[in-house]
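Topology and contacts: notes
Residue strings, one per chain:
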Amino acid sequence: MRLEDSGNGLKRTTSDPERDTDRKKTKKSHLNGTTELNGGSNDMESKSKNNKEDNGWKKNEKKGINSGQEFTIKKEKDGSYKKSIKGLSDSSVKNCIKEEWAKDSSGAEKNIPMKEENEVGNKILDKDHHHTSHPDKKRHKDHKSERGKDKKDKKKEKLLNGTLQEKSSRNEKRKHHKVDDEEPKKKKVSKGGREDKGRTGKNSEEEKKKDENSKWKWWEEGNNSNDGQKWQTLEHRGPLFPPEYEPLPNNVSFYYGGEPMKLSLAAEEVATFYAKMLEHEYTSKEAFQKNFFTDWKEVMSDDDRKTIKKLSKCDFSELHKYFVNKSEEKKNMSKQEKQALKEEGSRLTEEYGYCLLDGHREKIGNFRVEPPGLFRGRGEHPKMGKLKKRIHSVDVIINCSKDSKIPAPPSGKKWKRVQHDNTVTWLASWVENVQKHTKYIMLNPSSKLKGEKDWQKYEVARSLKLEVDSIRHQYQQDWSSREMKTRQRGVALYFIDKLALRAGNEKEDDTADTVGCCSLRVEHISLHESLDGQEWVVEFDFLGKDSIRYYNKVPVEKRVFKSLKIFMENKDPEDDLFDRISTTYLNKKLNEYMTGLSAKVFRTFNASTTLQDQLSKLTKEDMTVEEKILSYNRANRAVAILCNHQRAAPKTFEKSMQLLQEKIQKKKEQIEQAKKELKKAKKAHKEHPSDRSKKLVEQKENAVRRLEEQLKKLELQVTDREENKVIALGTSKLNYLDPRISVAWCKKYNVPIEKIYNKTQREKFAWAIDMTDADFQF
DNA sequence: CGCGAGACTTAGGATCAAATCC
DNA sequence: GGATTTGATCCTAAGTCTCGCG
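Reading the values: the criteria
- Residues numbered from 1 in each chain as written.
- Chains lettered and ligands numbered in written order.
- Predicted model: local features only at pLDDT ≥ 70, side-chain atom pairs only at ≥ 80, totals over all residues.
- UniProt positions renumbered as here; feature names shortened; annotations may be inferred.
- Helix = DSSP H or I, 4+ residues; strand = E, 2+ residues; numbered from the N terminus.
- Buried ≥ 20, exposed ≤ 12 C-beta atoms within 10 Å, placed from the backbone.
- Expected span 1.5 Å × (residues − 1).
- Near = placed C-beta within 6 Å.
- Nonpolar A, V, L, I, M, F, W, Y, C, P; charged D, E, K, R; others polar.
- Pairing = 2+ DSSP bridges.
- Domains from an automatic or database assignment.
- Contact = placed C-beta atoms within 7 Å.
- Axes fitted to C-alpha atoms, helices over the stretch in contact; angles between N-to-C directions.
- Parallel < 35°, antiparallel > 145°, perpendicular 65-115°, else oblique.
- Core = buried A, V, L, I, M, F, W, Y, C linked by C-beta atoms within 7 Å.
- Left-handed = near helix turned anticlockwise from the far one by under 90°.
- pLDDT = per-residue confidence, 0-100.

An unreviewed UniProt entry lists chain A under the name DNA topoisomerase I, with Clupea harengus as the source organism. Recorded in UniProt under Sequence similarities (unreviewed entry), the annotation for chain A is "Belongs to the type IB topoisomerase family." Among the UniProt annotations of chain A, the heading Catalytic activity (unreviewed entry) holds the following wording: "ATP-independent breakage of single-stranded DNA, followed by passage and rejoining."

For chain A, the helix and strand inventory stands at 25 helices and 17 strands. Across the 778 residues in chain A, those meeting the buried criterion constitute 32%.

In this section: helix α18 (residues 599-618). Here α18 is 20 residues long and its end C-alpha atoms lie 29 Å apart, about the 28 Å a rise of 1.5 Å per residue gives. Burial within α18 is extensive, with 16 of its 20 residues counted as buried.

Further remarks concern the protein's contact with DNA strand B. The local shell around DNA strand B holds 27 residues, among which Val 424, Thr 425, Lys 453, Arg 647 and Thr 731 are the closest. Residue contributions to the surface near DNA strand B peak at three residues, all from helix α14 (residues 448-478). Partitioning the surface near DNA strand B into residue classes produces eight nonpolar, eight polar and 11 charged.

This part covers unusual backbone geometry. Of note, the phi angle at Lys 436 is positive, near 60°, even though the residue is not glycine. The backbone of Asp 510 sits at a positive phi, close to 65°, despite the residue not being glycine. Looking at where Asp 510 falls in the secondary structure, it is placed in the loop between α15 (484-498) and β15 (525-531). Taking the C-beta count within 10 Å as the criterion, Asp 510 has 12 such neighbours and is therefore assigned exposed.

Attention shifts here to the sheet that holds strand β3 (residues 234-235). If you trace the three strands from one edge of the open sheet to the other, you get β3-β7-β8, paired in antiparallel fashion. Either end of the sheet is taken by a strand with one partner, and the two such strands are β3 and β8 (360-363). In this structure, strand β7 (residues 354-357) lies alongside β8, joined through four bridges in antiparallel fashion. Within β8, the residue paired with Tyr 354 across the bridge is Lys 363.

Another aspect to go through is the domain arrangement of chain A. Once the domains are mapped, chain A shows domain 1 (2-158 + 450-589), domain 2 (241-352 + 366-442) and domain 3 (607-771). Tallying the contact residues gives 11 residues for domain 1 and eight residues for domain 2. Split into classes, the residues belonging to the side of domain 1 that touches domain 2 amount to three nonpolar, five polar and three charged.

Here the focus is the UniProt feature "coiled-coil region" (unreviewed entry) in chain A. Under the UniProt annotation, "coiled-coil region" (unreviewed entry) lies at residues 324-351 and 657-724. Helix makes up 89% of residues 324-351 and strand 0%, with an end-to-end C-alpha separation of 31 Å. Across residues 657-724 one finds 94% helix and 0% strand; the C-alpha atoms that close the span lie 12 Å apart.

If you walk across this open sheet you meet the three strands as β15-β16-β17, and the pairing is antiparallel. One side of each edge strand has no neighbouring strand; the edge strands of this open sheet are β15 and β17 (549-555). Averaged over all neighbouring strand pairs, the angle between strand axes comes to 15°, with direction disregarded. Inspection of the sheet shows strand β16 (residues 534-543) paired to β17 by seven bridges, in the antiparallel sense. Each bridged residue has a counterpart across the sheet, and for Leu 543 the counterpart in β17 is Arg 549. Strands β15 and β16 of the sheet are contacted by helix α16 (residues 558-568), whose axis makes an angle of about 135° with β15.

Taken N-terminus to C-terminus, the directions of α14 and α18 make an angle of 75°; their axes are 9 Å apart at the nearest point. Between α14 and α18, the angle is such that the two are roughly perpendicular. Across the interface between the two elements, Lys 457, Tyr 458, Val 460, Ala 461, Leu 464 and Lys 465 of α14 pack against Val 601, Thr 604, Phe 605 and Ser 608 of α18. Considered class by class, the residues forming the contact of α14 with α18 number six nonpolar, two polar and two charged.

Bringing the UniProt feature "domain: DNA topoisomerase I eukaryotic-type" (unreviewed entry) in chain A into the picture now. UniProt tags residues 374-750 as "domain: DNA topoisomerase I eukaryotic-type" (unreviewed entry). Spanning residues 374-750, this segment combines 51% helix with 11% strand, and its end C-alpha atoms are found 49 Å apart.

This brings us to the pairing of β15. Taken residue by residue, a regular strand's side chains alternate between the two faces of the sheet. Across six bridges, the pairing between β15 and β16 is antiparallel. Opposite Ser 530, over in β16, you have Glu 535 as the bridge partner. Following β15, the chain reverses through two residues before pairing antiparallel with β16; Asp 532 in that reversal takes a positive phi of roughly 50°.

Nonpolar side chains in soluble globular proteins tend to be buried together. Counting 70 residues, the largest nonpolar core has Leu 464, Ala 492, Phe 495, Ile 496, Cys 517 and Val 639 as the members making the most contacts within it. There are two domains that each give this core at least three residues, and those are domain 1 (2-158 + 450-589) and domain 3 (607-771). Those residues in contact with Ile 496 that lie beyond four places of it in its chain are Leu 501, Ala 503, Cys 517, Ala 599 and Phe 602.

Once that is clear, we can look at the packing of α15 against α16. Viewed as axis vectors pointing N to C, α15 and α16 meet at an angle of 120°, and their least axial separation amounts to 10 Å. Here α16 runs oblique to α15, going by the angle between their axes. By crossing handedness, the relation of α15 to α16 is classed as left-handed. On α16, the residues touching Arg 487, Gln 488, Val 491 and Tyr 494 of α15 are Val 560, Ser 563, Leu 564 and Phe 567.

Moving on to the environment of Leu 265. Looking at where Leu 265 falls in the secondary structure, it is placed in helix α9 (residues 265-276). Judged by C-beta crowding, with 13 C-beta atoms within 10 Å, Leu 265 ranks as partly exposed. In the structure, Leu 265 is positioned 476 residues away from Ile 741 in sequence and 55 Å away in space, judged by C-alpha atoms.

When you line up the elements, Thr 514 lands in the loop between α15 and β15. Taking the C-beta count within 10 Å as the criterion, Thr 514 has 22 such neighbours and is therefore assigned buried. Sequence separation between Thr 514 and Gly 504 is 10 residues, and the spatial gap between their C-alpha atoms is 8.8 Å. Setting aside its immediate chain neighbours within four residues, Thr 514 contacts Gly 379, Leu 543, Gly 544, Lys 545 and Ser 547.

This part covers the protein's contact with DNA strand C. Around DNA strand C lies a shell of 40 residues, among which Arg 502, Ala 503, Ser 598, Lys 600 and Thr 760 are the nearest. Going through the elements one at a time, β1 (71-75), α17 (583-593), α18, α20 (653-687) and α24 (759-764) are the ones with two or more residues in the surface near DNA strand C. Per element, the largest residue contribution to the surface near DNA strand C is four residues, and it comes from α17. In terms of residue class, the surface near DNA strand C is made up of five nonpolar, 19 polar and 16 charged.

The pLDDT averaged across chain A works out to 76; a share of 72% of its residues lies at or above 70. Here residues 1-209 is a poorly scored stretch, pLDDT under 50, and it has 280 contacts once near neighbours within four places are set aside; other chains count.

Turning our attention to α15. The terminal C-alpha atoms of α15, which comprises 15 residues, lie 21 Å apart, in line with the 21 Å expected from a rise of 1.5 Å per residue. Burial analysis of α15 places 13 of its 15 residues in the buried class, which makes it a mostly covered element. Positive phi shows up at Ala 500, right after α15, with a value of about 55°.

Here's what the structure looks like:
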């Protein structure tokens, strides 16, 4: 089913239709119309619920079922710490869920009309429409029936223990396996999954040892009873700042109105930012130019400003040429120079690229401060072209442990602050001026901090597997609810589940106009009672994250269709489709269904499930390794399509495709030729049998076989590439697919893991590679 | 209790380096 | 061995989600 959906997806186009880009409405405009059904009837109940919520505390202390995996410790004003929990473990989730779900459903049932009340329901809805209206929907959320029992109260007493036990028991198991597990593998791929091939004889022994030690198998340490503390000790060198601005040489000049002009240093620097991107299409966009010019003028000296009045009179071409030449020169540098540069690079990485976390050396993800430049938003970003200013050490907050060697700021300078907060994972942060967002220096995905979190993410998704049936059942019932809010929730959840849409938080203004599920507007869907022979088709067309277009036609259940129709009644195109719900509300609800559940878990869950299903469907024992890999890629692709992970078709796509075709043609000819020769040899052998002629025949046979294999390989390549033209596999592989599925698959079908994961990926997924057996089930 | 900020994950494109081609 | 292509890595924007505050 899912796959069929995906099939549709394949046809999605990347190109943007002509869109009206500035339709950004003040989002929650007035709606007249939609209203609550039966609003009153629930009030009482909700009130009592709310009261209960107030005591949520007690509630949770109750049985102590909820063992959580992660605590958060908050510092109180008085300096004390307060614990609360965040994540949860597999088993804890299961437990709590079982209990709470049971409770929930019994309670829930009372309120939700079970009978298919569609038509009636609709009528009522319609009617009410005209009576009550909520002009300002969003702000007017009714808190009525938060029927749930507020479980989520984070302050639950958690017992971490469940989790840890489970973790360690798993590891225990693993250790046992280990012996027989790993012995047979011949080309050992040192524990973490990294190949040794790069290393040469001598040191390798030593290095290997060292390597072994430095490879921290945190996943085998069952017991980091972490209560929200992310580390005990943290030491690092601070971030690496970009080099200072180098003024242009005197023979390179900026021109204004045809006249050469010497700019003040600051203005010159900003001018070079623009000059460097002269070729890029967005320098031609009006917003870009306008933003740039405004910000540029701000850094100009008075003199500059006096002269420069119009961007159109500015001529950056000489600057541009200068940089082009420069990079050309760089390319043409001699071997040694390049080598030297490289060494300098790795020296810096050595020094700044690692930190010491709880005594282990861990890679840092981004250890450089972002250099100044012009902001490049994606899509129609209103702020494109604005100046992103240079960050200095006084802008930077350092986070490390108290007793560690505090990183030194650049000489003569200061940090904004040095703090020692071990409830967060970042090493340094600063606020970027364009969007005023905090930027962080954090660890590499191969680190424990990231890995553990990743692992946990998949565990949550796995536990959704146990609950998903009842959750689906529940939201299907919601489609017939007489309460608008509930009905919208049911439909939204359905989209999130079935189509893997993102939650769709409200966005700040001044960003590109993109949406997710909850922020869909009426204009983003169209309804077709029948289309291409299918009934009740919803056509989606909107820009999602990164302004990637989502276009899909999906047949839905009739009740969904009818509900959508109602949601759209009396609304303008730019009104919210789901005007009664928000992501916060939705997530709260989801968390009631299952601790730790939020909208994005569905993406992870559906992605991983799809991969597993597809893999088992597509892989056959007797395939060659190449064929198996093609199957893997196809399964991966099904997921990428589901998640709408697109990429621009490679510029050289057509060309390289053609080339491949030619190769195939050539190969075919070769085969023909080889076959002819084989025939000849056979004939010769028949006529004058001899050892020699026999050998020759065999030789020729082999040649034919080899060529045919090569041909097959090429053909597979073509298919693979064709299908991959606009689909990006990387994102899902990295973020949505439980690596244990892939590892298990590799083991089961004898595919070397290196064929699936490259070095970086193997580092990131080291935990999974190390702990997973062939029989792992997501 | 809504809002904004903070922290962290997810994302596509640009850039760099290695592999392959000719 | 230089040019081209492909794949890995870097970069940082753009999401999600939770929490604290007014």
